[in-house]
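Residue-level structure breakdown
Letter by letter, the chains look like this.
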Amino acid sequence: MLDKVDVLIIGSGASGAAAAWSLADTKMRILCLEQGDWMQQSDYPSNGRDWEARQFGDYATRPNIRARPTDYPINDDASPIKVVNFNGVGGSTIMYTGHYPRMHPSDFKVRSLDGVAADWPVDYATLEPFFAENDRMMGVSGLAGDPAYPPKTAPMPPLPLGKSGARFGRAMNDLGWHWWPSDTTLATTEYDGRAPCINLGHCTPACTQGAKASTDITYWPHAIRAGVELRTRCRVREITTGADGMASGVIYYDADGKEQFQPAEIVILACNGIGTPRLLLNSASARFPNGLANSSGLVGKNLMFHPYAQIYGYVDEPVDSNRAPPLCLWSQEFYETDPNRDFVRGYTFQFGRGVGLVTEAVSSAAAGRLPWGADHHAAFRQLANRRIGLSAICEDLPEDHNRVTLDPVLKDSHGIPAPKVEYTIGANTQRMMAHSIARAHEILAAAGARNIAVESPILNGGWHLLGTARMGRDPAASVVNEWGRCHDVKNLFIIDGSIWVTSGGVNPTSTIQALALYIADAIKQRLATLFD
Amino acid sequence: MIRLSLVATVLASLLSVAAARAEDATARGEYLARAGDCVACHSVPGGKAFAGGLKMATPVGTIATTNITPDPETGIGRYTLDDFDRALRRGVARDGHHLYPAMPYPSYAVMADDDVRALYDYFMHAVPPVRQANLPSDIPSHLSPRWPLAVWNALFAPSPGFTPNPGHDARWNRGAYLVEGLGHCGACHTPRGWAWQEKSFGAGDPAFLAGANLDDWSASNLRRNVATGLGTWSEADIIAFLKTGHNTHASAYGSMSEVIANSTSYLTDDDLAAIAAYLVSLPATQAETPWRYDPATATALQSGHADAPGARLYAGSCQACHRETGAAAPPYVPPLAGNPTVLDADPASLINVVLNGTAPLVAKGRPDAYRMPQFRAQLTNRQVAEIVTFMRASWGNQAPAVTADEVAAIRKRTEPSTDRIVPLRMR
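Model, not experiment: these values are computed from the prediction. (Residues numbered from 1 in each chain as written. Chains lettered and ligands numbered in written order. Predicted model: local features only at pLDDT ≥ 70, side-chain atom pairs only at ≥ 80, totals over all residues. Heavy atoms only, no water.)

What follows deals with the overall build of chain B. Helix and strand counts for chain B come out as 18 helices and six strands. A compact globule built from 427 residues should have a C-alpha radius of gyration of about 22 Å, and chain B, at 24 Å, falls within 12% of that. Its C-alpha atoms give chain B principal-axis dimensions of roughly 90 × 60 × 45 Å. Looking at chain B as a whole, 51% of its 427 residues qualify as buried. For chain B, long-range pairs separated by at least 24 residues make up 63% of all intrachain contacts whose partners lie at least 6 apart in sequence. Here chain B displays about 19,500 Å² of accessible surface, and carbon together with sulfur accounts for 59% of that area. Counting 36 positive and 39 negative side-chain charges, chain B places the averaged centre of each group 3 Å from the other. (Helix = DSSP H or I, 4+ residues; strand = E, 2+ residues; numbered from the N terminus. Rg over C-alpha atoms; globule rule 2.2 N^0.38 Å. Buried < 20%, exposed > 50% of the residue type's maximum accessible area, 1.4 Å probe, protein only. Contact = heavy atoms within 4.5 Å. Areas by Shrake-Rupley, 256 points an atom, 1.4 Å probe, with all protein chains shown as cover. Lys, Arg positive; Asp, Glu negative; His and termini not counted. Charge placed at Lys NZ, Arg CZ, Asp CG, Glu CD.)

This is the structure in structure tokens:
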């Protein structure tokens, strides 16, 4: 048996890293288990000329395609949106776009405001200092003064808009609709040992420059210097419980495939909205027959993805469209509920630049825009470097039929049952997506784009994995309490996107990390009475 | 009892002062060993530092560098300070044989006595001894007698000592001391003559640091030539380059990467400033047309009309990082527009970098982000020639065209599977 630790964190991604760093203050013995490896920045696709090709291989966003030894399979056949993630130190922050909006204050009160779903047990004001602390740690670039938000500042200036961003800005001005330079975690100046973005545009499959914040280069160096231990290639099979009903530790497979038992005083789950319910369901026992911490029956239920509607077109001049980070501005004109529309809540538009040349060729050939024959090159010249586009991140409401269960057959390389996802887009969200596509057509027209194409929902768009172990004050209607502790197991905490009550209409990483810091702070405030 | 402990305390403090002094001396010696980049030649990749064993080709045959750790049997453990000095500044080993001038003793000759002593202290007391026998050289027997080296020395090696130039300030003279001496920059950057001697060892001669081809790399002109040299570089640019391997004009490649990793990134700001002050004082070897940016190439590439030979290949293989403008993203990705390596009359380095890529630039142990990938598998000789010719004639660059034969020759000589020994390990 290994030495007992005070705090065991499962997962080193967005939330696990933030909590590890925050809890290091306590001088407790903290251990993080990560199923993936440390990443080598020099291996990233952006360091080679085949960076686009590798997005179909070892840097595919979908784990089922990427299929690294460190990935686990996910049965998402019963979902129109496929799950994407990354497993390694830094988790999915290795392969996100770094788009970093916060949730709105209204997102925490949707039952009171709109009569749907449930209110959160925390609010924006409570999280505000943790948002700010997280912005400082991750290194956020942005422009103060966005009227869509309460006042906030970013430690670095915003990304340049570029030709496509400026074009969208002018179009939105003509339409009279809100837009603002995005908050991103892409460094625009030297920051905490990171070099600034040089606009190569290869952001999503990991950033060689280190301009894009991933927790392996932001939180982890600080946490490890403060004494936290991070063990890689350790895949947790189950959380064990003692006779007292408390978590006693975890059983995991180490780098050599050997089974280990790691005892711990406190266990913290940070495995995302699919990994966390999978692990709780795999930890069923005689005392917890429906899975650990699942007396409410809500573990795995209410999965929310944010269906994406993507709309793009082509303009009549080169716009450096595959240059620079993919996202540089947003609009929240249609974010808040408007009773004149046929849906509640709303969405964020994120304005994209174009795609790489190979991606342009492949997608245009598939869409019939790029014919073979004598005119092939001339046709390609009218497409390459001329694409502009935008997507709507549509709020998904929590619905019982959208869920994560254990697949009866599929297992990972260690024989651990794999998750199965069942998901359909709800009616409210479908109306919202239709609205966003209509508005996007107007925006693209105002921006001078033609040859408009729509992809809705984006197939490989299951980035945001939320809601499958929701937080709340009522143990019958939630899995964790208002500060992340499981109602059923008083030394078990959940800090990832699973605990979200609703999804908002924004990329979730900023809010996930602010929540993780808030929960870590709640643990620190209550150390003497943590299990009461 | 009190007295005794007092004595002990005083003694201890005296001892620690002495130890600190010894530590200062070896620290200074270590710094000088860095400045001289001894480790670059006296080690093999993956081997013990300073244990030698690196094979080097010379015009007369292959020699191997020697073990300079203080091991008494196989290293220099039995060297006295005088023995060490004779080897370092005059090229004569302890047993009296002459060293081959691949050892840059003609440059080290300018070193000051107390620097030689500090270097000696470092090697004898701070470098761990390694028992590793020296490899034999394979110089053919009719060329192996060492006595002609004495003649060579008489003809070409400067006499020891450094004479400050009163026409310049102390900073310039410090720079001269480092560049001409320990830094032995001329070993690569000064052209060599008929007997493989460096044509010059000092600032007074226009051949000094005028650029030279060594085994398929063209070591740049470091003088004020405005196109092919450092004529447009400020002192701050030179300092940044030596510190990190990058600046807004260019990035290091080839064996300069190792110089930065092992040597110049560890130099103090004062010493780097001295080197820069010295280099910017070296006049151009010839009048050159200064480089001026011409936007025509970028306009053509941006509008998708890449009809010049090589333009399309450039768009497909190079443009993602070096951009239509050829301006790239310095200091992280070097520009091609106005880069002295691209403008160099000798295209060897440019061809070599396209074929074989670059190694990571490591500054004080920290690697940089981007590598130039190798293209030898993807591009034919003709394609490389077209791309390189395109770069040399675009964005205001004006350098002669390159032929497929030139590429073929370098491709053959840099074949990674060859066991051919490369002079000064410049591959």
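Following the structure, the description resumes.
Moving on: the interface of chain B and chain A. Taken together, the 20 residues of chain B in the interface contact 19 residues of chain A. The junction of chain B with chain A conceals about 1,800 Å² of combined surface from both sides, 46% of it contributed by carbon and sulfur atoms. Inspection of the chain B/chain A interface yields one salt bridge. Among the elements of the structure, helix H13 (311-317) and helix H14 (319-322) of chain B are those that each provide at least two residues to the side of chain B that touches chain A. Per element, the largest residue contribution to the side of chain B that touches chain A is three residues, and it comes from H14 of chain B. (Buried area = accessible area lost by both parts, 1.4 Å probe. Salt bridge = Lys/Arg side-chain N within 4 Å of Asp/Glu carboxyl O.)

Here His99 of chain A shows up in the loop between strand S3 (75-78) and helix H3 (110-114). Its relative accessible area of 2% is what places His99 of chain A among the buried residues.

With that settled, consider the side chain of Asp396 of chain A. All names here are of chain A. As for its placement among the helices and strands, Asp396 is situated in the loop between strand S12 (387-394) and strand S13 (403-411). For the buried Asp396, which has no salt bridge, the nearest side chain bearing the opposite charge is Arg431, at an N-O separation of 12 Å. Sequence-distant contacts of Asp396, defined by excluding residues within four places in its chain, comprise Met304, Phe305, His306, Pro307, Tyr423, Thr429, Ser503 and Gly504.

Domain assignment breaks chain B into domain 1 (23-132) and domain 2 (296-413). On a C-alpha basis, the centroid separation for the pair domain 1 of chain B and domain 2 of chain B is 38 Å. (Domains from an automatic or database assignment.)

Residues and elements named next belong to chain B. Here helix H16 (residues 348-356) crosses helix H18 (residues 404-413) at 60°, and the two axes come no closer than 10 Å. One element, H16, and the other, H18, form an angle in the oblique class. Here H16 runs over H18; the crossing is right-handed. Taken together, the residues of H18 that come into contact with H16 (itself represented by Ala348, Ile351, Asn352 and Leu355) are Glu406, Val407, Ile410 and Arg411. Of the residues that constitute the contact of H16 with H18, the class distribution is five nonpolar, one polar and two charged. (Axes fitted to C-alpha atoms, helices over the stretch in contact; angles between N-to-C directions. Parallel < 35°, antiparallel > 145°, perpendicular 65-115°, else oblique. Left-handed = near helix turned anticlockwise from the far one by under 90°. Nonpolar A, V, L, I, M, F, W, Y, C, P; charged D, E, K, R; others polar.)

On to helix H5 (residues 113-125) of chain B. With 13 residues, H5 of chain B extends 18 Å between its outermost C-alpha atoms, agreeing within 8% with the 18 Å of an ideal straight helix rising 1.5 Å per residue. The complete set of buried residues in H5 of chain B reads Asp115, Val116, Ala118, Leu119, Tyr120, Tyr122, Phe123 and Met124 of chain B. (Expected span 1.5 Å × (residues − 1).)

Scanning the model with the defined rule gives 30 aromatic pairs over all chains in all. An angle of 45° between the planes, with centres 6.2 Å apart, marks the rings of Phe84 of chain B and Phe123 of chain B as tilted. Residue Phe84 of chain B is found in helix H3 (residues 81-90), and its partner Phe123 of chain B is found in helix H5; the two are separated by 39 residues along the sequence. Grouping residues by exposure puts Phe84 of chain B and Phe123 of chain B together as buried. Clustering of aromatic rings is evident, with ring pairs tying together Phe168, Trp177, Phe334, Tyr347, Phe349 and Phe351 of chain A. Directly above the aromatic system of Tyr59 of chain A lies the positively charged group of Arg68 of chain A, at a separation of 4.6 Å from the ring centroid. In this arrangement the basic side chain of Arg278 of chain A is found over the ring face of Tyr72 of chain A, its NZ or CZ atom lying 4.7 Å from the centre. (Phe/Tyr/Trp six-rings, centres within 6.5 Å; stacked < 30°, edge-to-face > 60°. Lys NZ or Arg CZ within 6 Å of the ring centre and 35° of its normal.)

For the rest of this paragraph, the subject is the packing of helix H5 (residues 162-175) of chain A against helix H10 (residues 427-446) of chain A. Residue and element names in this part refer to chain A. Orientation of H5 relative to H10, taken along the N-to-C sense of each, is 115°, at an axis distance of 8 Å. Judged by the angle between their axes, H5 and H10 are roughly perpendicular. Remark: the crossing between H5 and H10 carries right-handed chirality. Judged by residue contacts, Phe168, Ala171, Met172 and Leu175 of H5 engage Glu442, Ile443, Leu444 and Ala446 from H10. Of the residues assigned to the contact of H5 with H10, the class counts are seven nonpolar, no polar and one charged.

The subject of this paragraph is the pairing of strand S8 (residues 259-269) of chain A. Residue and element names in this part refer to chain A. Burial analysis of S8 places eight of its 11 residues in the buried class, which makes it a mostly covered element. Here strand S1 (residues 5-10) runs beside S8; their pairing, made up of five bridges, is parallel. Of the residues in S8, the one forming a bridge with Ile9 is Ile268. When strand S7 (residues 247-253) meets S8, the two strands line up antiparallel, connected through five bridges. Looking at the pairing, Tyr253 lines up with Glu259 of S8. Counting the residues between successive antiparallel strands, the hairpin from S7 to S8 contains five residues, one of them, Gly257, with a positive phi of roughly 80°. Sheet analysis places S8 next to strand S16 (residues 492-494), joined by three bridges and oriented parallel. Its bridge partner lying in S16, Ile268 is registered against Phe493. (Pairing = 2+ DSSP bridges.)

This next bit is on the state of the cysteines. Covalent bonding between the sulfur atoms of two cysteines is what defines a disulfide. Residues and elements named next belong to chain B. Counted according to the given criterion, the structure contains zero disulfides over all chains. Not part of a disulfide, Cys321 finds its nearest cysteine sulfur in Cys318, a span of 9.4 Å. Overall, Cys321 belongs to the partly exposed group, its relative accessible area being 21%. (Disulfide = S-S within 2.5 Å.)

It is worth spelling out unusual backbone geometry at this point. Note: most residues except glycine have negative phi, and most peptide bonds are trans. Residue and element names in this part refer to chain A. Following Ser456, the chain continues to Pro457 via a peptide bond in cis, the omega torsion being -5°. Of note in this structure, Asp192 is not a glycine but carries a positive phi near 50°. Overall, Asp192 belongs to the partly exposed group, its relative accessible area being 40%. One non-glycine residue, Asn385, adopts positive backbone phi at about 70°. Taking relative accessible area as the criterion, Asn385 reaches 12% and is therefore assigned buried.

Here we take up the pattern of salt bridges. Residue and element names in this part refer to chain A. Per the counting criterion, the structure on display carries 38 salt bridges over all chains. Between Arg237 and Glu238 there is a salt bridge, with its nearest N and O atoms 3.1 Å apart. One continuous salt-bridge network, built from bridges that share partners, spans Asp107, Asp114, Glu336, Arg345 and Glu395.

Let us look at the sheet that holds S3 of chain A. Residue and element names in this part refer to chain A. Spatially, three strands are ordered S3-S14-S13 in an open sheet, and the strand pairing comes out mixed. The sheet is open, and its two borders are formed by S3 and S13, each paired with just one other strand. For this sheet, the mean angle separating the axes of adjacent strands, direction not counted, is 40°. Relative to strand S14 (residues 417-422), S13 runs antiparallel, the two sharing five bridges. Following the sheet pairing, Lys411 is matched in S14 by Pro417. With respect to the sheet, helix H7 (residues 272-282) is in contact with S13 and S14, its orientation differing from that of S13 by roughly 65°.

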